[in-house]
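Architecture and fold: a report
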Amino acid sequence: MAEELGISASYLNLIERNQRPITVQLILKLAKTYDISPDTFSEDPQGMIDDLKEVFTDPLMEGELPNYEELLEVVSLAPNVAAGILKIHAGYRASLTRLTELSETLNDGSSSQTLDFHNPNEQVIRAMEMRPNYFDALDRAAEGFYKRLNNQSGLWAGLQQWLLDNHNIRTQLVPEETMPDWNRRFDRHNLRIYIAERLSHEDRLITLATQIAQMGLQKEIDEAIKRLGLKSKEAITLARPKIAEYAAHAIAMPYRRFFQTALRTKYDVTQMAQRFRVSLDHVAYRLTSLVRSGEEGLPFSYLRVDNVSGAWMALSQDKFPHRDFGGRHASQGIDRASIDTAIHPGLVLRGENRRYFTLSWHVERRIGLYYRKQREHDSMLILPVEKLTNTIYAGRQGRDPRSFGYNCALGSIEELELVEQNRVHLPSSEDPLSDDNFQLQLSEDQK
């Protein structure tokens, strides 16, 4: 046993007699040699390792993810330091929660005004929502990066080959039980990028591209972050993964090719997802960035709401229309999508002049360990009705009789045309409509 562990027999004897401590290095050697979990030897009665794992999954810690060995060493050699980290993070999260609650109290439900100068995460969210989702220099750099890749065997293989050729880094898929809390982790010491096996192929692609963007497009990402006008260092740190994610979408769906595909398919999101081998959400995200001069796409907005945490993303080619889609309660507008996994078209009328066509869908990930909570979210693409003419959705019906927030959901394009021709009278938009009192009012001959 001493030979297998690479230590002397006398030293092993002293360990067995509790006259020498068992070191982190020896714990790892035991685990590897005899296929034993390191937790068996860990003196971690308060579960500090698991708690520290959770701390380092915070978006603020993006790019600073330690591996298990590093966490074990901190807990074993400096337990007071570990306890201090946990206390500081708990205080940080409590402060964010209090500020978020205060922001929601001051928010009137139809505006995106929040205390973003206090909450770094809110600063980033507001900065992204209140500007076009397009960064020209970064987008063009991502397009050029794509052209330099060897994509003969597909983008996934091309990205892996780029990592190997330029940084001698390999990509490895790891099972749920090995990396249950992270989607990806970059191990600088072993030159490995670990991608969670539980992710779909489409999400694996964007996840890997996000990591690569931080390596290959760092200068352009820094410049894009400056354009957000963020003030605090914490907000800038939180913005980096979001901008890297933008770059990842630009790599997976290069601008000109994506724009031309959108025109050829008449913005059929399902076809576009199949062409680029990405998900509907990835296509929706990219549609909000088609604002390059001379190659402008239709003015789509994109809303995504997590069903568990309530976290949401709102992006647009101009700025997200909060006043028409319920402010911070926008999730009420896409609950129709939760019924099944189909794409649901719909219409929304606001006031006399603001009318929107919507596409909603629900995403549920039924993968991973059976006892882990599944991730679900609802998504919505939003387009002004007057822009529908050159799309595949022109003239298509969209049944969604439910009203939400201050929005009025109509039943079909044909019904909207009746409104435009003054053949249908609707109650004043100042009074929120409910399922009970909503009624189309037609004359006898029109009935």
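Right above here is the structure, for reference.
Residues numbered from 1 in each chain as written. Predicted model: local features only at pLDDT ≥ 70, side-chain atom pairs only at ≥ 80, totals over all residues. Heavy atoms only, no water.

Attention now moves to the overall build of the protein chain. Looking only at helices and strands, one finds 16 helices and 11 strands in the protein chain. Per-residue burial over the protein chain gives 47% buried out of 447 residues. (Helix = DSSP H or I, 4+ residues; strand = E, 2+ residues; numbered from the N terminus. Buried < 20%, exposed > 50% of the residue type's maximum accessible area, 1.4 Å probe, protein only.)

Attention now goes to the pairing of strand β10 (residues 376-384). For β10, the buried fraction is high: eight of the nine residues fall into the buried class. Alignment of strand β6 (residues 301-306) against β10, held across six bridges, turns out to be antiparallel. Directly across from Asp-306, in β10, lies its bridge partner His-377. (Pairing = 2+ DSSP bridges.)

In a pair of packed helices, the angle between the axes and the distance between the axes together describe the arrangement. At a minimum axis distance of 8 Å, the contact between helix α7 (residues 120-129) and helix α12 (residues 233-252) shows a crossing angle of 50°. Taken together, the axes of α7 and α12 are oblique relative to one another. Our pair here, α7 against α12, has a crossing hand that is right-handed. Across the interface between the two elements, Pro-120, Asn-121, Gln-123, Val-124 and Met-128 of α7 pack against Glu-234, Ala-235, Leu-238, Ala-239, Lys-242 and Ile-243 of α12. Here the contact of α7 with α12 is composed, by residue class, of seven nonpolar, two polar and two charged. (Axes fitted to C-alpha atoms, helices over the stretch in contact; angles between N-to-C directions. Parallel < 35°, antiparallel > 145°, perpendicular 65-115°, else oblique. Left-handed = near helix turned anticlockwise from the far one by under 90°. Contact = heavy atoms within 4.5 Å. Nonpolar A, V, L, I, M, F, W, Y, C, P; charged D, E, K, R; others polar.)

What follows is about the pattern of salt bridges. Inspection of every chain in the model, using the stated rule, returns eight salt bridges. Across the salt bridge formed by Asp-139 and Arg-292, the nearest N and O atoms sit 3.6 Å from each other. Taken as a pair, Asp-139 in helix α8 (residues 136-148) and Arg-292 in strand β4 (residues 291-292) lie far apart in primary sequence, 153 residues in all. Residue class for Asp-139 comes out buried when judged on its relative accessible area of 0%. (Salt bridge = Lys/Arg side-chain N within 4 Å of Asp/Glu carboxyl O.)

Once that is clear, we can look at helix α4 (residues 48-55). Residues of α4 that are buried include every one of Met-48, Ile-49, Leu-52, Lys-53 and Val-55, and no others. The buried side chains of α4 occupy one side of the element, clustering within an arc of 155° when seen end-on. Turned more than 90 degrees away from the buried face of α4 sit Asp-50 and Glu-54, all of them exposed. (Arc of directions from axis to C-beta.)

Okay, the pairing of strand β2 (residues 184-187) next. Side chains Arg-184 and Phe-186 project from β2 onto one buried face, and the interleaved Arg-185 and Asp-187 project onto a second face that is buried too. As paired strands, β2 and strand β3 (residues 192-196) are joined by four bridges and run antiparallel to one another. Residue pairing for β3: Phe-186 is matched across the bridge by Ile-193. Turn length for the β2-β3 hairpin, with the two strands adjacent in sequence and antiparallel, is four residues, and the turn residue Leu-191 shows positive phi of about 55°.

Moving on, we get to the packing of aromatic side chains. Per the stated rule, a full pass over the model turns up seven aromatic pairs. Between Phe-135 and Tyr-246, the ring centres sit 5.2 Å apart and the planes meet at 85°, which makes this aromatic pair edge-to-face. Residue Phe-135 is located in the loop between α7 and α8, and its partner Tyr-246 is located in helix α12; the two are separated by 111 residues in the primary sequence. For Phe-135, a relative accessible area of 3% puts it in the buried group. Ring geometry for Tyr-255 against Phe-259: centres 6.5 Å apart, planes inclined by 25°, an arrangement best described as stacked. (Phe/Tyr/Trp six-rings, centres within 6.5 Å; stacked < 30°, edge-to-face > 60°.)

It is worth spelling out the sheet that holds β3 at this point. The strand order across the open sheet built from three strands is β1-β3-β2, with neighbouring strands paired in mixed fashion. Both outer strands of the open sheet, β1 (170-174) and β2, are each paired with one neighbouring strand and no more. Shown here is a sheet whose adjacent strand axes are inclined to one another by a mean of 20°, direction ignored. Together, β1 and β3 form the strand contacts of helix α9 (residues 155-167), whose direction differs from that of β1 by roughly 130°. Along the sheet, helix α10 (residues 201-216) makes contact with β1, β2 and β3, crossing β3 at roughly 150°.

Among the nonpolar cores identified, the biggest contains 79 residues, and Leu-138, Leu-159, Leu-217, Ile-243, Leu-287 and Leu-381 are the most heavily contacted of them. With 11 residues, the top contributor of residues to this core is α12. In this structure, Ile-27, Phe-56, Leu-71 and Val-75 belong to the second largest nonpolar core, which totals 13 residues. (Core = buried A, V, L, I, M, F, W, Y, C linked by side-chain atoms within 4.5 Å.)

Its place among the elements puts Leu-230 in the loop between α11 (218-227) and α12. Separated by 110 residues in sequence, Leu-230 and Pro-120 have C-alpha atoms that sit 8.8 Å apart. Residues contacting Leu-230, with those up to four places away along its chain left out, are Gln-123, Val-124, Ala-127, Ala-235, Ile-236 and Ala-239.

Axis separation between helix α14 (residues 269-276) and helix α15 (residues 280-287) bottoms out at 9 Å; the angle between their running directions is 105°. In terms of their interaxial angle, α14 and α15 are classed as roughly perpendicular. Contacts from Val-269, Thr-270, Met-272 and Ala-273 in α14 reach Leu-280, Val-283 and Leu-287 in α15. Taken together, the residues of the contact of α14 with α15 break down into six nonpolar, one polar and no charged.

Moving on, we get to a negative patch on the surface. Side chains of Asp-50, Asp-51, Glu-54 and Asp-181 sit close together on the surface and give a patch of like negative charge. Here Glu-54 lies in helix α4. Judged by relative accessible area, Glu-54 falls into the exposed class, the value being 55%. (Patch = residues over 30% accessible without salt bridge, like charges linked within 9 Å, V, L, I, M, F, W, Y side chains within 5 Å. Areas by Shrake-Rupley, 256 points an atom, 1.4 Å probe, with all protein chains shown as cover. Lys, Arg positive; Asp, Glu negative; His and termini not counted. Charge placed at Lys NZ, Arg CZ, Asp CG, Glu CD.)

These results come straight from atomic positions and should not be treated as a statement about function.
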